[in-house]
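# Fold and geometry: a report
Each chain, letter by letter, is given below.
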Amino acid sequence: MKYINVIDFSEFPGPRYERIGPNSGEKFRETILLPALRTAPIEEITINLDGTAGYGSSFLEEAFGGLIRRGIDHDTALKICNNLISKEDDSLIEEIRIYINEAAESAKNV
Amino acid sequence: MKKLSRDKLLQALTIGKKRARRETFRKHTTPSERAKLARRKIRNKSRHGNVDAPAKLDIYSAKNHAIFVSFLDNYRRTVKNNKKTFISFRNSTRITAAAALLLVAETDRLVTAYPNAVIRCSFPPATTEGKYRNYQNIVESVLNQIGFFKLIDQECVSHTKHHSVEIWRQLSGSTADGSLAASLLDSLPEEITKASRQKLYRGAIEAIANSVEHAYPSPRNDGIGTMDSRWWMLVGYDATYLTVIICDLGVGIPSTLPKKHPESFLSLIRTRFSIFDNSDAELIRASTHVKETRSHLSTSTKLPNRGKGGADFRNIAKAFPTATLIVRSNKGAFFLTGEAAKPLKKSSSRRYVDGTNRTESTLNHSNSIRGTLTEWIVPVQDI
């Protein structure tokens, strides 16, 4: 079982891209999410979103919607949502699911 | 002969001394030398600029907005053209959060652009307020609290601290660093829940990221010619309201929006949300609809997934039903109130957006603030 605590990445999740500011969604995806997806089966990855100062929508979109743009297939990306923990704000899980679906729809229409 | 009082005597002595000094000066100089010295005096005098700050440092009312923004233009020009600038606050008796942040941001930018310029100011007067007509100096308290005197390196001798501005904090940065925004939100009292702080953080980090990413594509058109890509943030809390403001001194949303999005996409937003003109206020309103329009389109076209921030701003009004969101950029202002909030006051220049039950309105001013201010005002009872 692989357990990812976003607060271990940063207490202050930042903007979309690393060039705009530190602890970006892009960095979270590239340094935490994608390596985890390469080393463990998707069903065994749990991501805990609690404990941080909050999330901008750009961070969430780039981190999770960005998985699709980096070649992760739609079903695999959606499985991540099944193992998300967000007791402080459960609407984040639905929001992430929407970003993944939107990114997949966009990718289909290339 | 009538005996002179002490004051009259001193006055007569001073007049006599000045007259003697003038005569000595005339005796020892030629007319051409005197003319040369007079010219030098005029030249030196013109290198000292004076700026009068308005009575109300405020941008909420249209009239005060015009006066305050023209004061800022004058202030910028004076600092640019003079070695020393003196700001007179002798008439200033009222200050609001947005104007205070704008003044600090402009000053911060000017002292960075002109490190040798000297800026000094007079202290605002104390006013009487309340049932017991107690003396208060709210303008000085605010300027002191948010670091204006420190910026211009002038000591604030008075230590008055108005209770309503004790929890006002201001800082600036050049990257979208969430820890900076969070540090200001952490200064709020403990009764503000973590959930509320997270909602405010969400709006703040998006506004800051927007400033860093979009506000400074080219130098600001204000004659200063410097590239200072910073943002400023203010958090204010008193017994009635919590105010969070993010400010940048960039080219403004009305200038960046048409450059960041294709005309076909903007036309679609205009059609969907009944935006009929290209005024600054309507372009700001359009910018808050970028996300939902993009989501609507994502099933049929491939568009980059940028532009989510506008929705985060709007969500604050959903998260806090009595809150007000104000986005000001250049000459325009867009207002969005939560569903439980009182509609904003009617004025001749305010235009309510059709179909929004007076929760959305726009306003165009005559002068540009030359930048963007995103502000949330949340009543304390709603937090």
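Model, not experiment: these values are computed from the prediction.

To continue, consider the sheet that holds strand S5 (residues 118-121) of chain B. Residue and element names in this part refer to chain B. Reading across from one edge, S1-S3-S5 is the order of the 3 strands in this open sheet, with parallel pairing throughout. In the strand order of this sheet, the two ends are held by strand S1 (48-52) and S5, each with one partner. Averaged over all pairs of adjacent strands, the angle between strand axes in this sheet comes to 20 degrees, irrespective of strand direction. Pairing of S1 with strand S3 (residues 84-88) involves 5 bridges; the strand directions are parallel.

Attention shifts here to the domain arrangement of chain B. All names here are of chain B. Once the domains are mapped, chain B shows domain 1 (44-165) and domain 2 (169-383). Taking only C-alpha atoms, the centre of domain 1 and the centre of domain 2 are 25 Å apart. Each side of the interface is counted separately: domain 1 has 20 residues, and domain 2 has 23 residues. Here the element with the most residues in the side of domain 1 that touches domain 2 is helix H4 (residues 97-113); it accounts for 10 residues.

So, about the nonpolar core. Core analysis: the biggest nonpolar cluster contains 89 residues, and B:Ala100, B:Leu101, B:Leu102, B:Ala204, B:Ile208, B:Met233 and B:Ile245 have the highest contact counts within it. Here this core gets 10 residues from one element, more than from any other, and that element is H4(B). Within the second largest apolar cluster, 22 residues are counted, among which are A:Leu33, A:Leu49, A:Ile96 and A:Tyr99.

With that settled, the discussion passes to the packing of helix H2 (residues 25-39) of chain A against helix H3 (residues 57-69) of chain A. In a pair of packed helices, the angle between the axes and the distance between the axes together describe the arrangement. Residues and elements named next belong to chain A. Viewed as axis vectors pointing N to C, H2 and H3 meet at an angle of 40 degrees, and their least axial separation amounts to 7 Å. The angle between H2 and H3 places the two elements in the oblique class. Here the hand of the crossing between H2 and H3 comes out right-handed. Of H3, the residues touching H2 (which contributes Gly 25, Glu 26, Phe 28, Arg 29 and Leu 33) are Ser 58, Phe 59, Leu 60, Glu 61, Glu 62, Ala 63, Gly 66 and Leu 67. Looking at the contact of H2 with H3 residue by residue, the class counts come to 6 nonpolar, 3 polar and 4 charged.

Time to look at the environment of A:Ile7. In this structure, A:Ile7 sits in helix H1 (residues 6-9). Sequence separation between A:Ile7 and A:Asn48 is 41 residues, and the spatial gap between their C-alpha atoms is 8.2 Å.

Rules behind the numbers
- Residues numbered from 1 in each chain as written.
- Chains lettered and ligands numbered in written order.
- Predicted model: local features only at pLDDT ≥ 70, side-chain atom pairs only at ≥ 80, totals over all residues.
- Pairing = 2+ DSSP bridges.
- Helix = DSSP H or I, 4+ residues; strand = E, 2+ residues; numbered from the N terminus.
- Axes fitted to C-alpha atoms, helices over the stretch in contact; angles between N-to-C directions.
- Domains from an automatic or database assignment.
- Contact = placed C-beta atoms within 7 Å.
- Core = buried A, V, L, I, M, F, W, Y, C linked by C-beta atoms within 7 Å.
- Buried ≥ 20, exposed ≤ 12 C-beta atoms within 10 Å, placed from the backbone.
- Parallel < 35°, antiparallel > 145°, perpendicular 65-115°, else oblique.
- Left-handed = near helix turned anticlockwise from the far one by under 90°.
- Nonpolar A, V, L, I, M, F, W, Y, C, P; charged D, E, K, R; others polar.

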